[in-house]
Amino acid sequence: MQTTRYIVTALAAAATLSFSAAQAQDKVLNIYSARHYQTDEALYNGFTQATGIKINRVEADDAGIISRLRAEGAASPADIVLMVDAARMAAADAQGLFQPIKSKKLDDAIPATLRAAPTADGVTWTGFSTRARVVVFDPARVKAEDVATYEQLADPKLKGLLCTRTGSHPYNMSLFATVVERLGDQKGEEWLKGLVANQARAPKGGDTDQIRAVASGECGVAIANSYYMARILKSDKPEDKAVAEKVRVVFPNQGTSGTHVNIAGAAVAKHAKNRDNAVAFMEYLASPAAQQYFADGNNEFAAAKGVKLDNPALKAMGGEDFKLETVPLAAVAKNLTKVQQMLDRVGYK
């Protein structure tokens, strides 16, 4: 309890930095959130404690939020939108559901590769935490050097060993669209075809299921977001400890293009009634205290520059200082339809 109070106090101190811009508006902020993490309560409480701004929150998945915003139109009460995938944020942006903002604090704190492409009117969405798309493998069946890159996952030597969730899931779509951006259309589709040829079974389940499938011997290698593995490493459950002992993690492409990261991000809603409050909240999320909390509270990597990682599970995975993919996440959006067509052609379910 004392630790929780300390965290909220630190976050409240960070929130005061953005308070002045929000003072003139009503003391309310309406959030549509796809983040379903109990740990985020400290973020909301810290902001309210410092600013007096009451937070009203509606929770749904990313697709549900997009549908709701479209249905509500100009009558929507949403001021700010929190989503957990760059591809989905780009899709919502393309439908005109966000509005651009200008903020020097955000420009200074968050790398351009983790934000929407800037326009004359500002930036429409910004990433505040990242999760790496890592490779999990069974060291008894697969050598680390054989899964050191995403490209190697299509190598015939891994035939019958690969497990993933569905190809069209946004986590995979964002990765695939990024790889296609790097390799080009022809080589990118050949790579996807190779992934299908190497599958141990039809894609199913979530990322945790893929990790457990490697530990059980159903698969030899899988793709998963880093925070799923971190949760297993931090767990005290005997079954999770057994999984952790059987698998290893690779941050791919460290010698070449870098590991793909996706984001959890935020955007000011198109018809926000409390726009200044929303901008203040976004600037608060970019503060060092809030950024540290993303890493410690939910096993995510901070998006802001210069924030030191202090999460034992993420460090144990090798995530303390890894090379990130440099393809801007904003470039992912233009490839999504094309990649889905590729998946259909190669039979990636």
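Quick notes on the rules
- Residues numbered from 1 in each chain as written.
- Predicted model: local features only at pLDDT ≥ 70, side-chain atom pairs only at ≥ 80, totals over all residues.
- Heavy atoms only, no water.
- Helix = DSSP H or I, 4+ residues; strand = E, 2+ residues; numbered from the N terminus.
- Rg over C-alpha atoms; globule rule 2.2 N^0.38 Å.
- Buried < 20%, exposed > 50% of the residue type's maximum accessible area, 1.4 Å probe, protein only.
- Contact = heavy atoms within 4.5 Å.
- 1 Å grid on protein atoms, 1.4 Å probe; cavity = no way out; pocket = protein on both sides within 12 Å on 5 of 7 lines; lining within 4 Å.
- Points joined across faces, edges and corners; volume = space filled by probe spheres on them.
- Nonpolar A, V, L, I, M, F, W, Y, C, P; charged D, E, K, R; others polar.
- Phe/Tyr/Trp six-rings, centres within 6.5 Å; stacked < 30°, edge-to-face > 60°.
- Disulfide = S-S within 2.5 Å.
- Axes fitted to C-alpha atoms, helices over the stretch in contact; angles between N-to-C directions.
- Parallel < 35°, antiparallel > 145°, perpendicular 65-115°, else oblique.
- Left-handed = near helix turned anticlockwise from the far one by under 90°.

Draft legend 1. Region of interest: the overall build of the protein. Scanning the protein from N- to C-terminus turns up 15 helices and nine strands. Taken over the C-alpha trace, the protein has a radius of gyration of 20 Å; the compact-globule value for 349 residues is 20 Å, and the two agree within 12%. Principal-axis analysis of the C-alpha atoms places the extent of the protein at approximately 65 × 45 × 30 Å. Here the protein holds 349 residues, and the buried ones make up 56% of them. Excluding contacts between residues fewer than 6 apart, the proportion of contacts in the protein whose partners are at least 24 apart in sequence is 78%.

Draft legend 2. Region of interest: the layout of surface pockets. Estimates place the volume of the largest pocket at around 390 Å³. As for the largest pocket, its lining consists of 19 residues, of which F301, A302, A304, V307 and L324 are closest to the centre. Here the lining of the largest pocket is composed, by residue class, of 11 nonpolar, four polar and four charged.

Draft legend 3. Broad picture of empty space enclosed by the protein. Using the criterion set out here, one finds one cavity of 30 Å³ or more in the structure. Of the volumes computed, that of the largest cavity is approximately 70 Å³. Along the walls of the largest cavity sit R35, D40, L43, Y44, L82, F128, S129, A264, G265, F281, L285 and F294, which together make up its complete lining. The set of elements that each furnish at least two residues to the lining of the largest cavity consists of α3 (41–51), β4 (125–137), β8 (261–268) and α12 (275–285). Tallied by class, residues from the lining of the largest cavity come to eight nonpolar, two polar and two charged.

Draft legend 4. Structural view of the packing of aromatic side chains. Counting across every chain of the model gives 10 aromatic pairs. Through a chain of ring-to-ring contacts, three or more aromatic side chains come together here, namely Y44, F47, F281 and Y284.

Draft legend 5. Structural detail: the environment of T124. Its location among the elements puts T124 in the loop between α6 (104–109) and β4. Considered as a pair, T124 and E189 are 65 residues apart in the sequence and their alpha carbons are 30 Å apart. Residues contacting T124, with those up to four places away along its chain left out, are D93, F98, Q99, P100, A116, A266, A267 and V268.

Draft legend 6. Main features of the state of the cysteines. According to the stated counting rule, one finds one disulfide in the structure shown. Residue C163 pairs covalently with C219 via a disulfide, S to S 1.8 Å. Judged by the torsion about the S-S bond (-70°), the C163/C219 disulfide is left-handed. Here the residue C163 occupies a position in strand β5 (residues 162–163), and C219 occupies one in the loop between α9 (207–216) and β6 (221–225), the gap between them amounting to 56 residues.

Draft legend 7. Molecular detail of the packing of α9 against helix α11 (residues 238–246). Contact geometry for α9 and α11: axes closest at 9 Å, N-to-C directions at 70°. As far as their axial angle goes, α11 and α9 are roughly perpendicular. Seen along the crossing, α9 lies across α11 with a hand that is left-handed. Counting all contacts with α9, which are made through I211, R212 and A215, the residues of α11 involved are E239, D240, V243 and K246. Of the residues that constitute the contact of α9 with α11, the class distribution is three nonpolar, no polar and four charged.

Draft legend 8. Spatial organisation of helix α13 (residues 288–298). Of the positions making up α13, those classed as buried are A290, Q291, Y293, F294, A295 and N298. Looking one or two residues past α13, N299 carries a phi angle of roughly 60°, positive in sign.

Draft legend 9. Structural detail: unusual backbone geometry. Unlike most non-glycine residues, N253 shows phi in positive territory, near 60°. Mapped onto the secondary structure, N253 falls in the loop between β7 (248–250) and β8. Despite not being glycine, N299 has its phi angle at roughly 60°, a positive value. In this fold, N299 is placed in the loop between α13 and β9 (301–302).

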